[in-house]
Each structure stands twice: as C-alpha cells, then as structure tokens.
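Letter by letter, the chains look like this.
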Amino acid sequence: MAVTRTFSIIKPDATRRNLTGAVTRMLEEAGLRVVASKRIHMTKEQAEGFYAVHKERPFFGELVEFMMSEPVVVQVLEGEDAVTRNRDIMGATNPADAAEGTIRKELALSIGENTVHGSDSEENAAIEIAYFFKPEEIVG
Ligand code: UDP
C-alpha cells in the first residue's frame, strides 16, 4: 500500500472542549503522521467554499455557522492508504452509527458536531490540502 496524504479538520466542538490533543493522539495511534497543522478561525467565505458541494443540502447554513463558531485545526495526515485509514478511525458521520473505538464514537456530540472532517477520496484530499496549505507548509 502506498504512502499517501489526506486532509483533516479538528472541528469547533473539539477545540471548544480542549480535545485537539485527544483527537491527534487517536490519529497518530491509527498510524497517521501529522505533516502539517495550523489553528485557524474560518471565515464565512472559507467555510462556504470548503463545503460548497453541500450548498443545496438543508443543513448547509447550520454547518457553515458551526465551522465558523470557534477555531479549528486543519491538518495534513500522511500514512499508508491515508484517506481510508483516516475515514476508518473517524467513524460514521452520525456518532450514533459509528463503530466502537472510532473518534466520532468516543468524542462526537451529534451528526453536526462530529469532531472531525476527513477527505473522502485522494482526489478531494489534494483539493482540500491545497485549499488551506501552501506546499512549503507541509513537512513530511
Ligand atoms: N452534516 C450535518 N447533518 C447531516 C449530514 C451532515 O450537519 O445530516 C454535517 C456533518 O458535520 C458532516 C458534514 O456535514 O461531517 C459533511 O457531511 P458528509 O456527508 O460529507 O459527512 P462526512 O464526510 O463528514 O462523514
């Protein structure tokens, strides 16, 4: 399996509860390496642009407001088959459906306040990484 990269966000419900370390620890224990990380407060434009794929969905406005509500930590993760590995450790979107031992099962509050974002394909990972990071900010 090739070493690849994915994009992760530690969402506002986690930064608010001081869980950035707990989330990062679970990512690292799953075999992912944090090769870039920064804490930012998303603007409305950033949040709307990032989630543009969902703009027709009923939860879009609430999702954008949530992502702007508190700081987030954006990260680039590296590891073998990083996209799938990260999706596995994240767990299902709704924490009620997430498997035992996953980040969302252990830490998430609700389907909206679900602690982490992770890219769903290598193609989207490349787009999402470039949305938040300059190449020189990623140190593998
Ligand atoms: N979301 C929500 N309500 C829903 C579905 C999704 O608030 O009914 C939010 C949730 O924060 C989720 C994000 O929108 O993480 C993006 O949804 P997606 O289906 O892409 O889930 P993910 O890839 O994050 O598991």
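Above this text is the structure in question.
Being a predicted model, the structure only gives us computed values, none of them experimental.

Quick look at the nonpolar core now. Core analysis: the largest hydrophobic core is formed by 21 residues, its most contacted members being Phe7, Ile9, Met42, Met67, Val74, Phe132 and Phe133. If one sorts the elements of this core by residue count, helix α4 (residues 60–69) sits on top with 5 residues. In this structure Met42 touches Ile9, Ala47, Met67, Met68, Val72 and Phe132, once residues within four positions along its chain are discounted. With 15 residues, the next largest nonpolar core counts Ile10, Ala14, Leu27 and Met90 among its residues.

The next subject is the site of the ligand. Contacts to the ligand come from Lys11, His54, Phe59, Leu63, Arg87, Thr93, Arg104, Ile111, Gly112 and Asn114. Within the side chain of Lys11, an N or O atom sits 3.0 Å from an oxygen atom of the ligand. Arg87 is positioned with one of its side-chain polar atoms (N or O) 2.9 Å from an oxygen atom of the ligand. Protein contacts shield 78% of the accessible area of the ligand, which totals 510 Å² for the unbound molecule. Counting atoms within 2 Å of the grid points, the majority share of the ligand lands in the largest pocket. Counted by class, the shell around the ligand contains 3 nonpolar, 4 polar and 3 charged residues.

Cut-off values and rules
Position labels on residues start from 1 in each chain and follow its written sequence. Under the rules for a predicted model, residues below a pLDDT of 70 receive no local features and side-chain atom pairs below 80 are neither given nor counted, while totals for whole chains, interfaces and linings still include all residues. With hydrogens and water set aside, each side-chain value is computed from the structure's full complement of heavy atoms. Residues belong to a common nonpolar core when they are buried Ala, Val, Leu, Ile, Met, Phe, Trp, Tyr or Cys residues joined through side-chain atoms within 4.5 Å. Relative accessibility thresholds used throughout: buried, under 20% of the residue-type maximum; exposed, over 50%; partly exposed, between the two (1.4 Å probe, protein chains only). Secondary structure elements are defined from DSSP: runs of H or I of at least 4 residues count as helices, runs of E of at least 2 residues count as strands, and each element is numbered from the N terminus. Any two residues having at least one pair of non-hydrogen atoms within 4.5 Å are treated as being in contact. Residues are counted as near a molecule or strand when any one of their heavy atoms sits within 4 Å of it. In the analysis that follows, any N or O atom pair within 3.5 Å is treated as a polar contact, provided that within protein one partner can donate a hydrogen and the other can accept it, and provided that, for residues neighboring in sequence, both atoms belong to side chains. Only the protein chains shown count as covering a residue, and every accessible area follows the Shrake-Rupley method with a 1.4 Å probe. A cavity, in this analysis, means grid points on a 1 Å lattice covering only the protein atoms where a 1.4 Å probe fits yet has no way out; a pocket is instead an open set bounded by protein on both sides within 12 Å along at least five of seven lines, and a residue lines either one if it has an atom within 4 Å of a point. Cavities and pockets are treated as containing a molecule whenever more than half of the molecule's atoms lie within 2 Å of their grid points. Note on residue classes: Ala, Val, Leu, Ile, Met, Phe, Trp, Tyr, Cys and Pro are nonpolar, Asp, Glu, Lys and Arg are charged, and everything else, Gly too, is polar.

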